[in-house]
Amino acid sequence: MKSGMKRIVTAGIAALASLTMIGSLAACGSDTAASKDLVLTIWGGDVDKTTMQQRLDLAKKKYPNINVKLQYIAKDYDTKIQTMFSGGTAPDILEIAENVNAYSTRGQLADLTSSFPDAKTEFGNANVNAYSYDGKMYAAPDRSAPGVVYYNKDIFDKAGVEYPSESWDWDTFLTNAQKLVKKDGDTTTQWAYCEGDWWAWYMTWMYQNGGRLLDDNGKATVNSKANVEAMQFYQDLMYKYGVMPKPEQITDTGADPLFHQGKLAMEVTGFWNISALQDVDFNWGIAPMWHGKDTAVPMFSNALAVSSQSKHKDDAIKIVKFLTSKEGQKPIAENALDVPANLEAAADKSFTEAKWNKNGLDLSVFSKSQSMTYAPPFIPKWNQLTQAISDGMSQTWNGKQSVKAGLDKAQKTVETALSE
């Protein structure tokens, strides 16, 4: 073969090899793109980070070709997430809570309805309804701690009062509460019950009385007869019956310090209170909340959503489905982080018989109470809704205006907000 022909053949072979290598690299690049890291954002503390990473490690075993990078945002979570959306760099998966539909109505979240056909069986009606809007589910419930009654057993025993239970109605609650108050002259030294003006407290009394903040058509019903009755009862606990402290009689931190100091017989709050009570010097327990005309228990939850900007939505959905499964939620229970939103996980021994439960608490109270929860109306203007009630009722809680006047103010503000 002539040298010129050799150069041509050699060059051709080299070119072919080069093309083959380029093709191989392209193929590798394609594989890399398919398994490109997803990003999941969360808020919280050290236990939140550790627990989520453990769960992602479990997810990696199930889906070895899907890599998920955990991004922790310590403060200004929503502001930073919205900045990421604006810049086209939104996370693939994001932790979300009450403002879920501020995101969904901006088109920022993927519709997960078809990906969770058995959602209400997995998470319960209230949880699914809370993270749905216009018939579509935009986030999968991840953690869901129902409010339960924390009660001081020593106070109840000394007063000869039965421990709280879901069988109590409002009349039973009030009768027993009056027996739990102690006074030194005109000064109350021990209160029966205490909460504050956060939405979870006042809304629960409203819902227990058959009230709502919005009707089925989304119209404001803040000042309905049922809500006025409920808030009057709540107000009377302070100003008529004296079983609950007035705002000026407690610190801004509310009921928790009173309970921790042994000066409060009972409060309704979430799972997080357990860790804060490990070193108190009195006996305490937990119980399901009482009922009114209806059963209604507050729910403290968050969820996982998939960004509409994600280039790997199918993979992101697989991860969310795993993280909200019984297996994916087990570290939540084992690390005493919270109550798993997955009902099967919440009823599992990894939670109900958790090794960290040194006080012998009946943790099944949480899983039992999950079926009693109501779905707060997480509308896009949720923040305006709750702020309107707080502003309208502030003078009522201070005893300077009637319940009806406060709810009327809130009603007008909410109507204005919803019309904008």
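Everything in this summary refers to the structure shown in the same document.

Conventions and cut-offs
- Residues numbered from 1 in each chain as written.
- Predicted model: local features only at pLDDT ≥ 70, side-chain atom pairs only at ≥ 80, totals over all residues.
- Heavy atoms only, no water.
- Helix = DSSP H or I, 4+ residues; strand = E, 2+ residues; numbered from the N terminus.
- Buried < 20%, exposed > 50% of the residue type's maximum accessible area, 1.4 Å probe, protein only.
- Contact = heavy atoms within 4.5 Å.
- Areas by Shrake-Rupley, 256 points an atom, 1.4 Å probe, with all protein chains shown as cover.
- Lys, Arg positive; Asp, Glu negative; His and termini not counted.
- Charge placed at Lys NZ, Arg CZ, Asp CG, Glu CD.
- 1 Å grid on protein atoms, 1.4 Å probe; cavity = no way out; pocket = protein on both sides within 12 Å on 5 of 7 lines; lining within 4 Å.
- Points joined across faces, edges and corners; volume = space filled by probe spheres on them.
- Nonpolar A, V, L, I, M, F, W, Y, C, P; charged D, E, K, R; others polar.
- Axes fitted to C-alpha atoms, helices over the stretch in contact; angles between N-to-C directions.
- Parallel < 35°, antiparallel > 145°, perpendicular 65-115°, else oblique.
- Left-handed = near helix turned anticlockwise from the far one by under 90°.
- Expected span 1.5 Å × (residues − 1).
- Pairing = 2+ DSSP bridges.
- Core = buried A, V, L, I, M, F, W, Y, C linked by side-chain atoms within 4.5 Å.
- Phe/Tyr/Trp six-rings, centres within 6.5 Å; stacked < 30°, edge-to-face > 60°.
- Lys NZ or Arg CZ within 6 Å of the ring centre and 35° of its normal.
- Polar contact = N/O pair within 3.5 Å; in protein donor to acceptor, adjacent residues only side chain to side chain.

### Comments concerning the overall build of the chain
Now for step 1: Across its full length, the chain carries 19 helices and twelve strands.
Now for step 2: Dimensions of the chain, computed from C-alpha atoms along their principal axes, come out at roughly 120 × 50 × 35 Å.
Now for step 3: A burial count over the chain gives 50% of its 420 residues as buried.
Now for step 4: If you take every contact in the chain between residues at least 6 apart in sequence, the share linking residues at least 24 apart comes to 72%.
Now for step 5: Summing over all exposed atoms, the chain offers an accessible surface of approximately 19600 Å²; the carbon and sulfur share of this is 50%.
Now for step 6: The centroid of the 43 positive side-chain charges in the chain is displaced by 8 Å from the centroid of its 49 negative side-chain charges.

### A look at the layout of surface pockets
Now for step 1: What the largest pocket holds in volume is close to 640 Å³.
Now for step 2: Looking at the largest pocket, it is lined by 23 residues, and the ones nearest its centre are L214, D215, P377, F378 and I379.
Now for step 3: Looking at the lining of the largest pocket residue by residue, the classes come out as twelve nonpolar, five polar and six charged.
Now for step 4: By volume, the second largest pocket amounts to about 550 Å³.
Now for step 5: Every element with two or more residues in the lining of the second largest pocket is listed here: strand 6 (140-146), helix 12 (273-276) and strand 12 (299-306).
Now for step 6: Take the lining of the second largest pocket: its biggest share by element is four residues, from strand 12.

### With respect to the packing of helix 2 (residues 46-62) against helix 14 (residues 326-334)
Now for step 1: Viewed as axis vectors pointing N to C, helix 2 and helix 14 meet at an angle of 155°, and their least axial separation amounts to 9 Å. Relative to helix 14, the element helix 2 lies roughly antiparallel. Along this stretch, helix 2 crosses helix 14, giving a crossing that reads as right-handed. Along its contact with helix 2, which presents T51, Q54, R55 and L58, the element helix 14 presents E327, G328, Q329, P331 and I332.

### Re helix 10 (residues 225-239)
Now for step 1: If you check helix 10, its first and last C-alpha atoms are 20 Å apart, about what 15 residues at 1.5 Å a residue would give, namely 21 Å.
Now for step 2: Within helix 10, eleven of the 15 residues are buried, which leaves the element mostly enclosed by the surrounding structure.
Now for step 3: Within helix 10, burial applies to A226, N227, V228, A230, M231, F233, Y234, Q235, D236, L237 and M238.
Now for step 4: Where the residues of helix 10 are buried, they touch helix 8 (170-179), strand 9 (187-193), helix 9 (199-208), helix 18 (382-397) and helix 19 (403-419).

### Topic: the sheet that holds strand 12
Now for step 1: Pairing within the open sheet is mixed, and its five strands lie in the order 2-1-3-12-6. Two strands close off the open sheet at either side, each with one partner strand: strand 2 (68-72) and strand 6. Between one strand axis and the next, the sheet turns through 15° on average, direction left out of account.
Now for step 2: Here four bridges tie strand 3 (residues 93-96) to strand 12, and the two strands are oriented antiparallel to one another. Bridge pairing in strand 12 places I96 opposite A303.

### With respect to the nonpolar core
A general tendency of soluble globular proteins is for nonpolar side chains to be buried together.
Now for step 1: The biggest cluster of nonpolar side chains holds 76 residues, and the ones touching the most others in it are Y193, W205, M231, L237, M266 and W290.
Now for step 2: Apart from residues no more than four positions distant in its own chain, M231 is found in contact with Y202, W205, M206, M393, W397, V403 and L407.
Now for step 3: Grouped together as the second largest cluster of nonpolar side chains are 27 residues, W191, L264, F271 and W284 included.

### Details of the pairing of strand 10 (residues 264-269)
Moving residue by residue along a regular strand, the side chains alternate between the two faces of the sheet.
Now for step 1: Of all six residues in strand 10, six are buried, a share of seventy percent or more.
Now for step 2: Looking at chain direction, strand 7 (residues 148-152) and strand 10 are connected through four bridges and run antiparallel. Looking at the pairing, Y150 lines up with E267 of strand 10.
Now for step 3: As paired elements, strand 9 and strand 10 share two bridges and run parallel to each other. Directly across from W191, in strand 10, lies its bridge partner L264.

### A closer look at helix 9
Now for step 1: Counted residue by residue, helix 9 has ten buried out of ten residues, so it is predominantly covered.
Now for step 2: Burial in helix 9 covers these residues: W199, A200, W201, Y202, M203, T204, W205, M206, Y207 and Q208.
Now for step 3: Where helix 9 ends, the next residue or the one after it, G210, has phi of about 85°, a positive value.

### Quick notes on the pairing of strand 9
Now for step 1: Counting buried residues along strand 9, five of its seven residues qualify, which places the element largely inside the surrounding structure.
Now for step 2: Alignment of strand 8 (residues 182-184) against strand 9, held across three bridges, turns out to be antiparallel. Note on strand 9: the bridge partner recorded for K183 is T188.
Now for step 3: In this antiparallel pair of consecutive strands, strand 8 and strand 9, the connection spans two residues, and G185 shows a positive phi of 70°.

### Description of the packing of aromatic side chains
Working definition: an aromatic ring pair is given by the centre-to-centre distance plus the angle between the planes.
Now for step 1: In total, this model carries 34 aromatic pairs according to the counting rule given.
Now for step 2: Measuring from centroid to centroid gives 5.6 Å for Y151 and F156, while their planes differ by 70°, and the two rings are edge-to-face.
Now for step 3: Here a set of aromatic residues connected by ring pairs shows up, and it is made of W168, W170, F173, Y193, W205, F233, Y234, W290 and W397.
Now for step 4: It is K49 that lies over the ring of Y72; its NZ or CZ is 4.4 Å from the centre.
Now for step 5: Over the face of the ring belonging to F116 we find K321, whose NZ or CZ atom lies 4.4 Å from the ring centre.

### A look at the sheet that holds strand 11 (residues 284-287)
Now for step 1: Pairing is mixed in the open sheet, where five strands are placed in the order 8-9-10-7-11. Of all the strands in the sheet, the pair left with one neighbour each is strand 8 and strand 11. The average angle at which neighbouring strand axes cross in this sheet is 25°, direction not considered.

### Considerations on the side chain of Q190
Now for step 1: With respect to the element layout, Q190 can be found in strand 9.
Now for step 2: Polar contacts involving the side chain of Q190 include one to the main-chain carbonyl oxygen of L180, which spans 2.8 Å.
Now for step 3: Ignoring any residue separated from it by four or fewer positions in sequence, one finds Q190 in contact with I155, L180, V181, K182 and K263.

By themselves, these observations are geometric and do not establish any function.
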